[in-house]
Amino acid sequence: MIHNTKCECGHQNPVGTVLCENCGKPLEDEANTAPLEMRYDGVARRSQRENPSIIDRVWRFFSSVKVAIYLIGITTGLSALGTIYPQENTFLGIDPATHYAENYGVLGEWYYRLGFTDTFGTWWFKLLLIMIGASLVICSLDRVLPLYRALSKQQVRKHLSFLTRQRVVYRGELPSDRYMSGSEASGIQLVTDLTPLLKKKGYKVHTDGSALLAEKHRFSRWGPYINHIGLIIFLLALLFRGLPGWYMDQYIGFVEGEPVAIPDTPYYLKNESFTVQYYTEKELPTEFRGQGRMVPKLYETKAVLYECTADCGMSGVEPVLKEVTQHDIQVNKPLNYRGLLAYQFDYRETPQIRAIRVYLTDHKTEERYGPIELSTTNPKEQFDVGSFELILKDYYPEFDLNENGTPYTKSRSPLAPAYIFLMHGPGLPADGEIYIYFAREIDKQRFSQDKLNGQLAERFEIGASSMDDVSISQYTSYLNIRVDRVLPYLFAGGILFIIGVVMGVYWQHRRIWLRIDEGKEITIGAHTNKNWFGIRKELADVLQKAGIRIDQKQLDNGGNRK
Amino acid sequence: MLRYKKTIQVVILLAVVVISAFTLISGLFNKNGNPDIGDKAPDFTLRELGGDESSLSDYMGKVVIVNFWGTYCPPCVREMPLIQSYYEQYKEKGVVVLAVNENDPLVSIKAFIRQYKLTFPILLDKDTVRKQYGVTEYPTTFILDTKGKIAYKQVGEINESFIRGALTKLVKQ
C-alpha cells in the first residue's frame, strides 16, 4: 500500500516525514490537538526501506541512542570491576600470570585470565571504546544532516495547525485601539510594528506579508555535534596512545657519571652530578627549629642527554654517543627534548667507586710506574706499566667469600671492587704471578690483601696517590622518563568538547511564527529546544510592547512545564 | 546529500572495522609480551663473547636451551656445570645452548668460562633480550623445540630431572 506523502500545500515529502517540509502541516494524526513532535522539525531522519541491507542494519544499530547508553553503561560497569584488585601497572616487576592466582586464589586467576588486571589495556575494553566512538559518529551524522537541511530552508508562512499545536501559542484579535480590524493592510502593519521589537531582542526576522518568522541563536543547536566531534578526537587520541613510541612512563635510576640507556629510545642520559640541599636552621619556620629536622630544599640533577648513533643495545660494545642537550633537572623543571621528558623523582645515596687511577710501586727498585685507569664497570684486560705487564684475569664488583672460602661477587654494583692480576716482568717467574688488588682500603683490611699476595706484597704496591685519583659516584638519581605524544590532541578534543557544551547550554534556539488571517485573527506559535519559560517571557514582553496585554503563563500550551 | 549517504555509510563502517581489527590483532598478539610455553620464541641477535653476531633463527631446526644468567647470581653459577655436562652429551644430537649474559664485565665472564670449562656460546645482552622474554629473575631457562616454539620454561635454578626430561623428550624428534 503506497503511503501518500503529498501535503495539501502541494509539496512532496520523503517517506517518513512527520511534519510537511514546506508548510509544517502534520502528515499523520491530523485530528489530534496534542503538542507536535518537533524533533528535527519533523523531517524524515532515516530512509525506511523494505529490505535493509547489512549496512543499513549496522548503521541503524549504531544510530540508536538507546544502544549508545547501553554501551556507556557496560563500559562503566566493567571499569568498576577493574577496581576490585590492584591493576598490573601499580606494581614493579611482578609476574601477573602468577601474582593474582597466588594472592587471590581462583577469583584472582580468573580476574587475570579475563584481562581485568589491565582493564584499560584489554582488547575488549578498547573495542567498547571504539563502539562508543562509532556510535558517536553515526548518531551525530544521522541527525545533524537532516537537521541542517530542515533549518536551512524554513518557510515563513506555516500551516495553521502547525502554529496552534506548538507548546507556546497565542490566539487573539488585532488590538482594535491601534489597528483597523478586517483589513489586510492592518495585518501587514502589525508585522511591520513587531519586527523592530523582535530585532531588539536579538531575533532575525523574516516576513511574508502578514506572516512572520523570528529566529534567534540557531548556532546553539550545533553545540552537541561540536562536542561530539571533540569526544571523537579525544577517543581516537586515546587509541593512538597504544602505538609504539607514542607513550612511555618509566622510572630509571642514574648513577653519577655513567650514561644510562633509556629503553625503547635511542637516547642515553648521564647524570653528571646530583645535589641535595637542605634548609638551614635559619631558613626553617620557628616551630621546626631545634628538632634536628632535615627538610630538603633542592633536588637537582645536572643531566646530559645523548643520542646513540651506532652500536646501541649490545653488551660488551661501547655505544657511540652524540650529545644532544643538557639541563639541570629540578623537581617540576624537567628536561625536555623533542617530547621526551625527564622529571626529578627520587634519589639514593649509593657511594661507589666509578674508576680509580693507580700506580705500581716496585720497592725493589723504588720506582713508581703508571698511572693506569681501572674502571669498576668494565675494566680493560691488559695493562703495560713500566717494564711490567698486568693481565686482568678476573674481576669482582662486590667481592666476598662464600662458606667454602671461594671468591664470588655478591652483586653487579661496584661496592667492593677486587681485581685479580697476573703480573709479568723482571724478577717474576716466566708464567707470571697472581696479585690481588682491592680498590677500597676497607676491603684490603677485610680480606687481608697482603696475606693473600704473600711475598709479592712485600715487593709491589698498587694504589692511588691521592683522593683525586678516585672517581666516586655519591648518588643515584631516579628520574621519571615520560613521552606522551597524544597530549595536544587530547587538549584539542577537550577544548572542542567544552566549546560545544557551552554553545548548547548557554544559548537556546528560539523561533516564533506569526500569521494574521483575514485581517483580524492573530495566531502565534513558538518553539525552543530548552527553557520554555524564557521564550514565553520574551514573547509576552514583545507582545505587551505591541499593545497586547498578556502574561507569559497564558502563552503556555501544555507539554512539560519547564 | 542523500545520494552520497551510501558512500559515507560504507566509509565510516569500514573505518570502524579497520580500527577494530587493528586493536584486536595488536591486543591478542601482544598479550603481556611474556613468551610462555607454547609461544614461538621471539627472534633476537646478540654479539657473542668471541665477537661474532648470533641470531636465534640461525639455530632453527635444533633444540635450543636459552639460559639467562650472570656471575653475580649464585643459582646461575650452581647450575652451569649441569648445563655444560648435558651440552657435551647432546651436542652431536643437535642441541645448542645459548647462555645470555646480562651486564657482566667481560673479564668476569671470561674467568667464569675458564673456571667451569664452558664450551657453549655466551651471548652478551644489555637488558634488551631480557625484556623481550619477560625475564625478571635469574636464572631463567627456556628450552625450544626444533620448530622454535617454547617447550619448557623454568624460572630459578634447574635440576637434573628437568633438563634430562626435556632433552629426552625433544631430541627424539
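Residues numbered from 1 in each chain as written. Chains lettered and ligands numbered in written order. Predicted model: local features only at pLDDT ≥ 70, side-chain atom pairs only at ≥ 80, totals over all residues.

Honestly, the overall build of chain A in this entry has me stumped. Any pointers?
The number of helices and strands found in chain A is 12 helices and 21 strands. In terms of C-alpha radius of gyration, chain A reaches 42 Å, well past the compact-globule figure of 24 Å for 562 residues. The principal-axis extent of the C-alpha atoms belonging to chain A is close to 135 × 65 × 45 Å. Put simply, chain A has 562 residues, and 28% of those count as buried. (Helix = DSSP H or I, 4+ residues; strand = E, 2+ residues; numbered from the N terminus. Rg over C-alpha atoms; globule rule 2.2 N^0.38 Å. Buried ≥ 20, exposed ≤ 12 C-beta atoms within 10 Å, placed from the backbone.)

Would you explain the sheet that holds strand β3 (residues 211-216) of chain A in this entry?
Residue and element names in this part refer to chain A. Spatially, the five strands line up as an open sheet ordered β1-β21-β20-β3-β2, and their pairing is antiparallel. One side of each edge strand has no neighbouring strand; the edge strands of this open sheet are β1 (168-173) and β2 (204-208). The mean angle between the axes of side-by-side strands here comes to 10°, regardless of whether they run parallel or antiparallel. In this structure, β3 lies alongside strand β20 (residues 510-517), joined through six bridges in antiparallel fashion. Its bridge partner lying in β20, Leu212 is registered against Leu514. Strand contacts of helix α6 (residues 184-200): β2, β3 and β20, with the helix running at about 170° to β2, the strand carrying the most contacts. Against the sheet, helix α12 (residues 532-545) touches β1, β20 and β21 (521-528), its axis set at about 20° to β1. (Pairing = 2+ DSSP bridges. Axes fitted to C-alpha atoms, helices over the stretch in contact; angles between N-to-C directions. Contact = placed C-beta atoms within 7 Å.)

Sorry, what's going on with the domain arrangement of chain A here?
You'll often see interface size given as the accessible area lost when the parts meet. Domain assignment breaks chain A into domain 1 (45-151), domain 2 (157-221 + 503-555), domain 3 (247-351 + 476-491) and domain 4 (354-470). Once you take the C-alpha centre of each, domain 1 of chain A and domain 3 of chain A turn out to be 38 Å apart. (Domains from an automatic or database assignment.)

Any chance you could explain the pairing of strand β4 (residues 95-102) of chain B here in plain terms?
Within a regular strand, side chains alternate between the sheet's two faces. All names here are of chain B. Of all eight residues that make up β4, seven are buried, and the element is covered over most of its length. Sheet analysis places strand β3 (residues 63-69) next to β4, joined by seven bridges and oriented parallel. Of the residues in β4, the one forming a bridge with Trp69 is Asn101. Handedness of the β3-helix α2 (residues 74-90)-β4 crossover: right-handed. The sheet contact formed by β4 and strand β5 (residues 122-125) spans four bridges and is parallel. Bridge pairing in β5 links Glu102 to Asp125. With helix α3 (residues 106-116) bridging β4 and the parallel β5, this β-α-β connection has right-handed handedness. (Right-handed = clockwise from strand over helix to strand, strands pointing away.)

Would you mind going over the sheet that holds strand β7 (residues 296-310) of chain A with me for this structure?
Adjacent strands of a sheet pair through backbone hydrogen bonds, lying either parallel or antiparallel. All names here are of chain A. The four strands lie next to each other as β5-β6-β7-β8, forming an open sheet whose pairing is antiparallel. Every other strand in the sheet has two partners, leaving β5 (259-261) and β8 (320-330) as the edge strands with one partner each. Within the sheet, the average angular offset between the axes of one strand and its neighbour, ignoring direction, is 30°. Here β7 pairs with β8 via 10 bridges, running antiparallel. What sits directly across from Lys302, in β8, is Asp328.

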